[in-house]
Amino acid sequence: MRDTAATSAQPAMIVMSIWCSSLSLSSRSLAIALVICVTLVYFSYSFNACLLASISRSLQQSNLRNLLALTSSPRNETNNATNSSSSSSSRNSSSTTGAPPAQTVTSSLDGAPKYQLLRQQGLRPSRHLPDTLIIGVKKSGTRALLEFIRLHPDVRAAGSEVHFFDRHYQRGLRWYRHHMPYTIEGQITMEKTPSYFVTKEVPQRVYHMNPATKLLIVVRDPVTRAISDYTQAASKKADMKRFEQLAFVNGSYSVVDTNWGPVKIGVYARYLERWLLYFPLSQLLFISGERLIMDPAYEIGRVQDFLGLKRVVTEKHFYFNATKGFPCLFKSEARSTPHCLGKTKGRNHPHIDPGAIERLREFYRPFNNKFYQLTGINFAWP
């Protein structure tokens, strides 16, 4: 009886043993599966994190290379150590101590992303007093000169005429510096105000700021310049008298009115003598306004040489607009498409009595000859 019961219990025990063995195997498989899943998730996360970090570094390096290509100094590759040292000493002497006050940025370019990225990379753009000034002459092509030379990646210029040395000198150099654009090492800071050339106090004031300042002066035939000056004024005043009435005393061509601004400015020698009291001729470059229109690449080449820059701006940057009779740009710092300087450039002059023009040429001739002697350049004006 007892044997019969034992015999009948054996199958049940065998089934129970098999079930337990199966349960143990299933638990081990589940544990192994969990370990494999966790391992796969970990490696997947690590791989993706490394991939994203690599992509981010590549993008930053690519952006930095592009920005440095726009703002780096070609001079550092081509100029000798003497020129580099001279540029550095000029920059140091023109800067003032102390940080500029916290004010709203005056130039839209100053807060551009490229400068924010340069700061992140340890390159710190800052404002400096100008190394170079375009001091005149009004209505001779100063705006064209500024726009043309700004094509160079090593030139940064104030966007508008600051008039510091003739109108805002009492505000101080700190104020003036804050109106300059941000630059990095190797770039030239430039400002243009044509009235500097004819303002009596300006030469001494510029000298006190930095005696090594380089000066650019655009000049053209003083008779044509006077007519252009008058044309601009007449465009803003409908009831303005005729040119002939303003250029001469009592309506007669015998006496030129030398107190009238458009005529007075054209006596270049008188103003140049003041500048030569403070600056040697070697620090002044005279640009022909006529040639700047007919052959801008030639004159801009001279400017680049004078400033110690590599010749980056060439004839490929310009095209001549036959309608305006004025050179235009394929692209510029502000626009990447072909364009001319503005509606006011190449404005048609009114008809002037030939007798009045001839009388003015006689008046200017001795002053022109004196100017040729002072500059050592014969501009061959009529």
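The structure displayed is predicted, hence computed values, not measured ones. (Residues numbered from 1 in each chain as written. Predicted model: local features only at pLDDT ≥ 70, side-chain atom pairs only at ≥ 80, totals over all residues. Heavy atoms only, no water.)

Colleague: Quick question: what am I supposed to make of the sheet that holds strand E5 (residues 188-192) here?
Modeller: Consider a sheet: its strands pair through backbone hydrogen bonds, and that pairing is either parallel or antiparallel. Strand order in the open sheet formed by five strands is E3-E5-E2-E6-E7, and the pairing between neighbours is parallel. The open sheet has two edge strands with one neighbour each: strand E3 (155-157) and strand E7 (284-288). On average, adjacent strands in this sheet sit at an angle of 25° to one another, irrespective of strand direction. Those strands touched by helix H11 (residues 268-276) are strand E2 (132-136), strand E6 (214-219) and E7, and its axis lies near 160° from that of E7. With respect to the sheet, helix H13 (residues 296-306) is in contact with E6 and E7, its orientation differing from that of E7 by roughly 175°. (Pairing = 2+ DSSP bridges. Helix = DSSP H or I, 4+ residues; strand = E, 2+ residues; numbered from the N terminus. Axes fitted to C-alpha atoms, helices over the stretch in contact; angles between N-to-C directions. Contact = heavy atoms within 4.5 Å.)

Colleague: Where do I start with the pairing of E5 in this structure?
Modeller: Looking down a regular strand, the side chains alternate between one sheet face and the other. Of all five residues in E5, five are buried, a share of seventy percent or more. Burial along E5 is two-sided: the residues Ile188, Met190 and Lys192 and Thr189 and Glu191 are all buried. When E2 meets E5, the two strands line up parallel, connected through three bridges. Directly across from isoleucine 134, in E5, lies its bridge partner lysine 192. Pairing analysis gives three bridges linking E3 to E5, with the strands arranged parallel. (Buried < 20%, exposed > 50% of the residue type's maximum accessible area, 1.4 Å probe, protein only.)

Colleague: Would you explain helix H14 (residues 354-375) in this entry?
Modeller: Helical geometry: 3.6 residues make up each α-helical turn, so side chains three or four residues apart lie on a common side. When the terminal C-alpha atoms of H14 are compared, their 29 Å separation across 22 residues agrees well with the 32 Å that a helix rising 1.5 Å per residue should span. For H14, the N-terminal cap is aspartate 353; the gap from its side-chain oxygen to the backbone nitrogen of glycine 355 is 3.0 Å. Positioned one or two residues after H14, glycine 376 has a phi angle of 75°, which is positive. (Expected span 1.5 Å × (residues − 1). Polar contact = N/O pair within 3.5 Å; in protein donor to acceptor, adjacent residues only side chain to side chain.)

Colleague: Even after reading the chapter, I still don't get the pairing of strand E8 (residues 318-321), so can you show me in this structure?
Modeller: Here E8 runs beside strand E9 (residues 326-329); their pairing, made up of four bridges, is antiparallel. From the neighbouring strand, phenylalanine 320 faces E9, where its bridge partner is proline 327. Linking E8 to E9, which pair antiparallel, is a turn of four residues; within it glycine 325 sits at a positive phi near 65°.

Colleague: What should I look at first to understand the packing of aromatic side chains in this one?
Modeller: The geometry of an aromatic ring pair comes down to the distance between the two centres and the angle between the two planes. All chains considered together, the criterion is met by 27 aromatic pairs. Look at tyrosine 319 and phenylalanine 330: their rings are 5.0 Å apart centre to centre, the planes differ by 45°, and that puts the pair in the tilted class. Within this pair, whereas tyrosine 319 is found in strand E8, its partner phenylalanine 330 is found in the loop between E9 and H14, the two being separated by eleven residues in sequence. Assessed through its relative accessible area of 26%, tyrosine 319 is described here as partly exposed. By the ring-pair criterion, three or more aromatic residues cluster together here, those being Phe164, Phe165, Tyr169, Trp175, Tyr176 and Tyr196. It is arginine 127 that lies over the ring of tyrosine 182; its NZ or CZ is 4.3 Å from the centre. Stacked on the ring of tyrosine 298, the Lys or Arg arginine 291 has its end atom at 4.3 Å from the ring centre. (Phe/Tyr/Trp six-rings, centres within 6.5 Å; stacked < 30°, edge-to-face > 60°. Lys NZ or Arg CZ within 6 Å of the ring centre and 35° of its normal.)

Colleague: Can you help me understand the pattern of salt bridges in this one?
Modeller: Any two side chains of opposite charge can pair, given that their charged atoms come close. As enumerated under the stated definition, the model contains ten salt bridges in all. In this structure, the salt-bridge partner of aspartate 229 is lysine 138, at a minimum N-O distance of 3.4 Å. One end of the pair, aspartate 229, is in helix H8 (residues 222-234); the other, lysine 138, is in the loop between E2 and helix H5 (142-149), and 91 residues separate them in sequence. With a shortest N-O distance of 2.7 Å, arginine 361 and aspartate 221 are connected by a salt bridge. With arginine 361 in helix H14 and aspartate 221 in the loop between E6 and H8, this residue pair connects regions lying 140 residues apart in the sequence. Residue arginine 361 is classed as buried on the basis of its relative accessible area of 16%. With relative accessibility at 5%, the residue aspartate 221 sits in the buried group. (Salt bridge = Lys/Arg side-chain N within 4 Å of Asp/Glu carboxyl O.)

Colleague: What's the story with a nonpolar patch on the surface in this structure? I'm lost.
Modeller: Taken together, the side chains of Ile32, Ile36 and Leu40 make up a nonpolar region of the molecular surface, amounting to roughly 310 Å² of accessible area. In this fold, leucine 40 is placed in helix H1 (residues 2-71). (Patch = residues over 30% accessible without salt bridge, like charges linked within 9 Å, V, L, I, M, F, W, Y side chains within 5 Å. Areas by Shrake-Rupley, 256 points an atom, 1.4 Å probe, with all protein chains shown as cover.)

Colleague: Any chance you could explain unusual backbone geometry here in plain terms?
Modeller: A negative phi angle characterises most non-glycine residues, just as the trans form characterises most peptide bonds. Residues glycine 136 and valine 137 are joined by a peptide bond in cis, for which omega reads 5°. Notably, lysine 139 is not glycine yet its phi reads approximately 60°, a positive angle. Here lysine 139 shows up in the loop between E2 and H5. According to the relative accessible area criterion, lysine 139 is buried, its value standing at 15%. In this model, histidine 163 sits at a positive phi of 55°, which is unusual for a non-glycine residue. Here histidine 163 is to be found in the loop between E3 and helix H6 (173-178).

Colleague: Please explain the packing of H11 against H14 as it appears in this structure.
Modeller: For the pair H11 and H14, the least separation of the axes is 8 Å and the interaxial angle reads 30°. The pairing of H11 with H14 is recorded here as roughly parallel in orientation. For the pair formed by H11 and H14, the contact residues are Tyr268, Ala269, Leu272, Glu273 and Leu276 on the first element and Phe367, Lys370, Phe371, Leu374 and Thr375 on the second. When grouped by side-chain class, the residues that make up the contact of H11 with H14 number seven nonpolar, one polar and two charged. (Parallel < 35°, antiparallel > 145°, perpendicular 65-115°, else oblique. Nonpolar A, V, L, I, M, F, W, Y, C, P; charged D, E, K, R; others polar.)

Function cannot be inferred from these measures alone, as they are strictly geometric.
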